[in-house]
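Read off the chains here:
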Amino acid sequence: MTHTSPGAPRDPADPASGTAGAWAALGGDPALLDRVTFTGAGALPSRLPVEELARSTVAVCSLAAAELAALRDGGGVPAVRVDDGAVTTAFLGDRLVRVDGVAPTTFAPLSRFWRTADGWVRTHANYPHHRGRLLAALGLPKDTDTLPDGGVADVAATLGGRRARDVEETVCTAGGLAVAVRTAEEWAAHPQGAAVAGRPLLVTDRIGGEGPRRAPGGPGLPCAGLRVLDLTRVLAGPVASRTLALLGADVLRIDSPGLPESQEAHDDTGLGKRSALLDLARRADRAAFEELLASADVVLTGYRPGALDRFGLTPQALAGRRPGLVVARLSAWGRHGPWAGRRGFDSLVQAASGIALEEGDATSPGALPAQALDHGTGYLLAAGVLRSLTDQHTAGGARLVEVALAQTAAWLTQGLPAGPPAGTGAYTPGPWLTERATPRGSLRHALPAVAYVGGPADWASPSGLLGADAPAWRA
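Because the structure is predicted, anything quoted here is derived from the model rather than measured.

Student: How should I be thinking about the layout of surface pockets in this particular structure?
Tutor: To find leftover empty space, a probe the size of one water molecule is rolled over the atoms. Taken as a whole, the largest pocket spans an internal volume of roughly 820 Å³. Secondary-structure elements contributing two or more residues to the lining of the largest pocket are α5 (128-137), α10 (236-246), β9 (250-255) and β12 (326-331). The residue makeup of the lining of the largest pocket, split by class, is 21 nonpolar, eight polar and ten charged. Lining the second largest pocket are 23 residues; nearest its centre among them are Thr105, Thr106, Asn126, Val234 and Ser262. Considering only residue class, the lining of the second largest pocket consists of ten nonpolar, seven polar and six charged.

Listed below in structure tokens is the structure:
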């Protein structure tokens, strides 16, 4: 397993840099890398090259935005200046966001590492239905939430007598979320780890025939005039769609009224977007969705692989109904291997892939200093969409962009340049935070890390109440 790059970034045009590697994965022109410079100081201290991952994903997303902006304006590609302070603040944005000074709750009591009879297991139980499935799989009553510790002692006692991989299978079979903590070597030998290792960081394909070429929209923000259906949830997908909203797209997030979601997470990732509720199993709501799709330019999906297939929302089906569509989808574990259909989150991918043990100590596993797999994957997904939009101007055709948290984890642990551990740096988040009044209270959030000369400095609107908007495009 590699170790972190130094605090000072490499030349983005250096083929060994993370920026050059990510830009190549996106199919970008390597000559454009000379438009990118790095500045400032951040602080994402870890044994792994998290700072390199963060600045590289933001850099390629910014460069893809600048490239599309130049196509619209008919001029040269503007310079991209990536500030490590802004990048750090953005990667910590889900923790730094405040409404009237109130900090978000990041993890529920049962979302944590647990000691087992032969090692460790990591669970995720932030949502009530996942918590209920976890408790049911362990044979524990669901009313443990009435206990002072939220059921932590009961779960700890139960897991302490079980094998980690047995817990993993039992909980996952019940539809819950639990992953045995593995070393990097154990993950490499696992069929899912092997499947991920053989895949590129990001995949883009042409789907659905030729389709029309996309005409430049004239001067303005690179995504102005584009309509984006956002069918994603915490956290990578909303980061991607938030970025497209920053760049001028009309982004409409659609959630099911039957699935709980975190308003606190939406406070950070809902900037510039609107949010509506539709139950695709209801005829009227499905008709409303199809009407939205009929004039959409981009569809982002982030549900468990196969979960939307029953609604006819495979990439090929979407492209068939909407020629020229860009479909961008992400998953936790990738589209190949025995875990392709499993649910997953950043913390679970860290646990499975060896990251948790690499970042831990003699007493317990650890975690990256930010939800870096989520944020980094989100910027890669947005960059893939932007590059697809650029390519459509000359080649036309519907496009599919695919990313996975596990693929980003493999890049972090095996694909980024090595170096000494990064320090904390001379960093405070204040310069990259802003505050604005909203109907819900005073919202503090991170400023955009994606930036290029002449680009937007902030989102056009703050995040609103999740699900409160009408399911309709802006006029």
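Student: I'm lost on the sheet that holds β12 in this one. Help?
Tutor: The strands that make up a sheet are held in pairs by hydrogen bonds between backbone atoms, and each pair lies either parallel or antiparallel. Strand order in the open sheet formed by seven strands is β7-β13-β12-β11-β8-β9-β10, and the pairing between neighbours is mixed. The sheet is open, and its two edges are formed by β7 (203-207) and β10 (274-277), each paired on a single side. This sheet shows a mean twist of 20° between the axes of neighbouring strands, independent of strand direction. As judged from the five bridges shared by β7 and strand β13 (residues 398-404), these two strands associate in the antiparallel manner. By the bridge assignment for β13, Asp205 is matched with Leu400.

Student: How do you make sense of empty space enclosed by the protein when you look at a structure like this?
Tutor: Tallying each qualifying case throughout the model produces five cavities of 30 Å³ or more. Reported here for the largest cavity is a volume of approximately 170 Å³. Taken together, 18 residues form the lining of the largest cavity, with Arg199, Gly334, Arg335, Ala404 and Gln407 sitting closest to its centre. In terms of residue class, the lining of the largest cavity is made up of ten nonpolar, four polar and four charged. Space inside the second largest cavity adds up to approximately 110 Å³. Sorting the residues of the lining of the second largest cavity by element identifies α13 (315-321) and β12 as the ones contributing at least two each.

Student: Any chance you could explain α10 here in plain terms?
Tutor: The periodicity of an α-helix, 3.6 residues per turn, causes residues three or four places apart in sequence to face the same way. Counted residue by residue, α10 has eleven buried out of eleven residues, so it is predominantly covered. For α10, the set of buried residues is Ala236, Gly237, Pro238, Val239, Ala240, Ser241, Arg242, Thr243, Leu244, Ala245 and Leu246. Gly248 occupies a position one or two residues after α10 and carries a positive phi of about 110°.

Student: Teacher, can you tell me more about the sheet that holds strand β14 (residues 433-438) here?
Tutor: What the three strands build is an open sheet, ordered β3-β15-β14; its pairing is antiparallel. Only two strands of the sheet have a single partner each, and these edge strands are β3 (98-99) and β14.

Student: Please clarify how the pairing of β13 should be interpreted in this entry.
Tutor: Within β13, seven of the seven residues are buried, which leaves the element mostly enclosed by the surrounding structure. Alternating positions in β13 separate into two faces, Ala398, Leu400, Glu402 and Ala404 on one and Arg399, Val401 and Val403 on the other, with burial throughout. Bridge count between β12 and β13: six bridges; the pairing is parallel. Bridge assignment links Ala328 to a residue of β13, and that residue is Val401.

Student: Is there a simple way to explain the state of the cysteines in this structure?
Tutor: Each disulfide consists of one covalent bond between the sulfur atoms belonging to two cysteines. Enumeration according to the criterion identifies zero disulfides in this entry. You can see Cys223 has no disulfide; the closest cysteine sulfur is in Cys61, sitting 9.1 Å from it. Classification of Cys223 as buried rests on a relative accessible area of 2%.

Student: Looking at this structure, how should I read the environment of Leu247?
Tutor: Summarising the element assignment, Leu247 is placed in the loop between α10 and β9. Between the C-alpha atoms of Leu247 and Asp94, which are 153 residues apart in sequence, the distance is 20 Å. Here Leu247 is in contact with Ala65, Leu221, Pro222, Cys223, Ala224, Leu386, Tyr452 and Pro456, once residues within four sequence places are set aside.

Student: What's the story with the pattern of salt bridges in this structure? I'm lost.
Tutor: Opposite charge on two side chains allows them to pair when their charged atoms are near. Applying the stated rule across the entire model yields 27 salt bridges. For Arg182, the salt bridge is made with Glu168, and the minimal N-O distance between the two is 2.8 Å. In this pair, Arg182 sits in the loop between β6 (178-180) and α8 (184-189) while Glu168 sits in helix α7 (residues 164-173), placing the two residues 14 residues apart along the sequence. Glu168 shares its class with Arg182; the two are buried. Through salt bridges with shared partners, a single ionic network connects Glu51, Glu52, Arg55 and Asp84.

Student: Hey, could you run me through the side chain of Gln371 in this one?
Tutor: Counting through the fold element by element, Gln371 comes out in the loop between α15 (355-359) and α16 (372-395). Dropping the residues within four chain positions of it, Gln371 is found in contact with Phe91, Asp94, Arg95, Phe107, Leu235, Asp346 and Gln350.

Student: How do you make sense of the nonpolar core when you look at a structure like this?
Tutor: In summary, soluble globular proteins display a tendency toward joint burial of nonpolar side chains. If you look at the biggest cluster of nonpolar residues, it comprises 102 residues, and the most contacted ones within it are Phe91, Cys223, Leu244, Trp333, Tyr379, Leu386 and Leu412. Residue contributions to this core peak at 14 residues, all from helix α2 (residues 50-73). Ignoring any residue separated from it by four or fewer positions in sequence, one finds Leu244 in contact with Cys223, Val228, Ala249, Val251, Leu300, Ala382, Val385 and Leu386. The next biggest cluster of nonpolar side chains, apart from the first, holds 25 residues, and it includes Leu229, Ile254, Leu280 and Leu313.

Student: Even after reading the chapter, I still don't get the environment of Leu308, so can you show me in this structure?
Tutor: Tracing the sequence through the fold places Leu308 in the loop between β11 (298-301) and α13. It is 9.7 Å that separates the C-alpha atoms of Leu308 and Leu231, two residues lying 77 residues apart in sequence. Apart from residues no more than four positions distant in its own chain, Leu308 is found in contact with Leu231, Thr301, Tyr303 and Leu313.

Student: Please explain the packing of aromatic side chains as it appears in this structure.
Tutor: Both the distance between ring centres and the angle between the ring planes are used here to describe each pair of aromatic rings. Evaluation of the coordinates by the stated rule reveals six aromatic pairs. Relative to Tyr379, the ring of Phe91 has its centre 5.9 Å away and its plane inclined at 25°; by these criteria the two rings are stacked. Of this pair, Phe91 sits in helix α3 (residues 84-91) while Tyr379 sits in helix α16, and the two are 288 residues apart along the sequence. No difference in accessibility class separates Phe91 from Tyr379, as the two residues are buried. Taking 5.9 Å as the distance between ring centres and 50° as the angle between the ring planes, the aromatic pair formed by Trp187 and Trp333 counts as tilted. One end of the pair, Trp187, is in helix α8; the other, Trp333, is in the loop between β12 and α14 (346-352), with 146 residues separating them in the sequence. Look at Trp333 and you get buried, because its relative accessible area is 1%. Through a chain of ring-to-ring contacts, three or more aromatic side chains come together here, namely Trp187, Trp333 and Trp339. The ring of Phe107 carries the charged tip of Arg122 above its face, separated from the ring centre by 5.2 Å. Lying across the ring of Trp23, Arg387 places its NZ or CZ 5.6 Å from the centre.

Definitions and cut-offs
- In this numbering scheme, every chain counts its residues from 1 along its sequence in written order.
- Local features in a predicted model are, by the rule used here, given only for residues with pLDDT of at least 70; side-chain atom pairs are given and counted only at 80 or more, and totals for whole chains, interfaces and linings are based on all residues.
- Hydrogen atoms and water are omitted, and side-chain values are computed over all heavy atoms in the structure.
- Points on a 1 Å grid, built from protein atoms alone, make a cavity when a 1.4 Å probe fits but cannot get out and make a pocket when they are open with protein on both sides within 12 Å along at least 5 of 7 lines; residues with an atom within 4 Å of a point are the lining residues.
- Grid points are joined across faces, edges and corners, and a volume is the space filled by probe spheres set on the points.
- Secondary structure elements follow DSSP: runs of H or I no shorter than four residues count as helices, runs of E no shorter than two count as strands, and numbering proceeds from the N terminus.
- Polar here means any residue outside two lists: the nonpolar Ala, Val, Leu, Ile, Met, Phe, Trp, Tyr, Cys and Pro, and the charged Asp, Glu, Lys and Arg; Gly therefore counts as polar.
- By the convention used here, strands pair only if DSSP detects at least 2 bridges between them.
- Each axis is a line fitted through C-alpha atoms, taken for helices only over the stretch in contact, and angles between the N-to-C directions span 0 to 180 degrees.
- Categorising residues by exposure relies on relative accessible area from a 1.4 Å probe, with only protein chains included: less than 20% of the type maximum marks a residue as buried, more than 50% marks it as exposed, and the intermediate range marks it as partly exposed.
- Here, the term disulfide refers to a pair of cysteine sulfur atoms separated by no more than 2.5 Å.
- For this analysis, residues touch if any pair of their heavy atoms sits within 4.5 Å.
- What makes a salt bridge here is a side-chain nitrogen of Lys or Arg within 4 Å of a carboxyl oxygen of Asp or Glu, nothing more.
- To form a nonpolar core, buried Ala, Val, Leu, Ile, Met, Phe, Trp, Tyr and Cys residues must be joined to one another through side-chain atoms within 4.5 Å.
- Pairing of aromatic rings covers Phe, Tyr and Trp, the last counted by its six-membered ring, and requires centre-to-centre distances within 6.5 Å; plane angles under 30 degrees mean stacked, over 60 mean edge-to-face, and any other angle means tilted.
- Placement of a positive charge over a ring is assigned whenever Lys NZ or Arg CZ falls within 6 Å of the ring centre and within 35 degrees of the normal to the ring plane.

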